[in-house]
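# Structure assessment
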Amino acid sequence: MVKKVTRPERSELLMPAGDLQRLKMAVLYGADAVYLGTPDMSLRTKSGFTLDDVVEGIKFAHAHGKRVYLTLNLFSHNKDVPKLEQYVDTVKKVQPDGVIVADPGVFQYVKERAPELELHVSTQANVCSWLSVKFWQEQGASLVVLAREVSYAELVEIREKCPDIKLEAFVHGAMCMTYSGRCLLSNFMSERGANQGNCANSCRWNYKVHMRLKDGTVKELELNEHTIELFEFLLEEGAREGELLPIEEDERGSYILNSKDLNLMPKLDDYLRIGVDSLKVEGRNKSQYYVALVARAYRMAIDDWYEDPDNWSPEPYFAELETVQNRGYTLAFHNGRLTNYAHNYENTASLAEWEFAGLIDRVEDDSFVMEVKNRIEAGDVLELVSPTRRETIFLRIYEFIDAKTGKVSDVVNAGMKPMIRLPFNWFDQEDPEVLRNDVPPMTIIRKERALTREQWDRLKLDREATKLEQGAGTESQYRKKLDRLKESTDLRNMERRFKTPRLGVEGCCGRGCNGCLIFWQDPAYAKAREIMATKKQGEMLKKNARGRAIDTLCETG
């Protein structure tokens, strides 16, 4: 008998939680549900959850009206079976809203021992068709997580043929170069099982070409200015005789298996329109910064679509996601097949022009106390990203007050987890009472990150590739930006620069930040202050051709 399932009226936002603090961060920043697991029985050996943490996390989420799904999605070996009894009996007591399972044997075990628990079929089960969804529905599943390899057209058909079961689809996060979590590369390269939660991410590694000589010796093929034009390596596949595919590598090596990160924000309205019940974000090993800002972007996007679907546009939310480090974004299998723009052959690093500056540890009578996560220097602009309001709050900071000693410095490093004080009177464009209400503990703070020319060029190339995947942009622009990236890589210019200026009269970035001595106190910016009064706090002023804020010029300048 098929179990009757009540589907939600709205799609839920499902966020990852790698530890208790990240669970709380996800809840505060807009998740409808979180998924988590302990390291021994789920597919994340780096999970920071103990069973006591699980109990506390579920209580916290339920107190905020949110759901929690526990992961039990390993593929069991004989050694795992004895652990199941204790795990399932403990899970029953904490009352999660669902248990995510992949192994059919584990599914049957949980179903028999804890029939009151809602069973979700993991993406590890590689469900790619409505036939498989119906199979799991017959077994008693309440929800099926579809494989990342399912295209949107397939998803539409699955939704039509399976209207009485909840469907979950990934919309954001890291992608696997093969069937998700089932890659054998990690097992082969490092003897770490991908489908046992211990993937070594071998697909992200740098690979180099070597030559084997006739005498059996192996030589590294050094590619430099003298040899790079002498060789070309070609691959011929057996069924395509005569069709030679080039293998490209430069002196840095090759990242032939390195997928970009999934980002379906440009297509989110399609998923909401057909009624995908749960929109899942990958990342139980990701940072607090990632969890908070990705949750915030999708929360705003989902709410705004339900408010006014006809006038919804993905641009502002996609821009917000670009503040989170990524390997470049891709639509992956959305359109049915991967394009060459879905892989990042140039670099494996995650990158963004913003970084995690810190978070609010506590709110005192006259100030915030901030936990510092990255180096901050005098003149940096901090951006407080509230979990409760849309507008962010900018503060240009000139000195750092140690919260314990009161010692003042002009730079602070993150090594020893320092705490600094941000007095309310520094926020000279904000009401202190509003600050207390809108900036609670655990509020994320970000700042601009200084990048090398190579890194800036990689960001530009990634964004052009994103345009091409979405039917915009041009191949000629993509090639031009690819050539520029290769040129900047060859130059090896490691000087780092910010997108906006730091200090001095020429240093106005056009935001009119709280506490910006240049903007708010220099008579030359009187006209700009009048214009800023008509804008939202932190909204950029218009720039001229030289990059200066036009409105910040004095009347005669």
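Residues numbered from 1 in each chain as written. Predicted model: local features only at pLDDT ≥ 70, side-chain atom pairs only at ≥ 80, totals over all residues. Heavy atoms only, no water.

It is worth spelling out the overall build of the chain at this point. When you go through the chain residue by residue, the secondary structure sums to 15 helices and 26 strands. Within the chain, the fraction of its 557 residues that count as buried is 51%. For the chain, the share of sequence-separated contacts (at least 6 apart) that also reach a separation of at least 24 residues comes to 69%. About 26600 Å² of surface is accessible on the chain, with carbon and sulfur atoms providing 50% of the total. (Helix = DSSP H or I, 4+ residues; strand = E, 2+ residues; numbered from the N terminus. Buried < 20%, exposed > 50% of the residue type's maximum accessible area, 1.4 Å probe, protein only. Contact = heavy atoms within 4.5 Å. Areas by Shrake-Rupley, 256 points an atom, 1.4 Å probe, with all protein chains shown as cover.)

So, about the sheet that holds strand β23 (residues 419-423). Here we have eight strands laid out as an open sheet, ordered β19-β18-β24-β15-β16-β23-β20-β21, and antiparallel in their pairing. What marks the edges here is a single partner per strand, and that holds for β19 (393-396) and β21 (408-409). Strands in contact with helix α9 (residues 288-307) are β15 (354-363), β18 (381-385) and β24 (444-448); relative to β24, the strand with the most contacts, it is inclined by about 95°. (Pairing = 2+ DSSP bridges. Axes fitted to C-alpha atoms, helices over the stretch in contact; angles between N-to-C directions.)

Time to look at the nonpolar core. What tends to happen in soluble globular proteins is that the nonpolar side chains get buried as a cluster. Within the largest apolar cluster, 92 residues are counted, with the highest numbers of intra-cluster contacts made by M15, V34, L36, L72, V133, M265 and L268. Take this core: its biggest share by element is 13 residues, from α9. Residues in contact with L268, not counting those within four places in the same chain, are L279, Y298, A301, I302 and W312. I360, L382, W426 and L435 belong to the second largest nonpolar core, which has 22 residues in total. (Core = buried A, V, L, I, M, F, W, Y, C linked by side-chain atoms within 4.5 Å.)

Here we come to helix α3 (residues 81-94). Relative to the 20 Å expected for 14 residues at 1.5 Å per residue, α3 spans 21 Å between its end C-alpha atoms, a close match to the ideal helical length. Buried within α3 we find L84, Y87, V88, V91 and V94. Along its buried surface, α3 packs onto α2 (51-63), β3 (67-72), β4 (98-101) and α4 (104-113). Q95 occupies a position one or two residues after α3 and carries a positive phi of about 55°. (Expected span 1.5 Å × (residues − 1).)

Our next topic: helix α12 (residues 453-469). With 17 residues, α12 extends 25 Å between its outermost C-alpha atoms, agreeing within 8% with the 24 Å of an ideal straight helix rising 1.5 Å per residue. Trailing α12 by a residue or two, G471 shows a phi angle of about 85°, which is positive.

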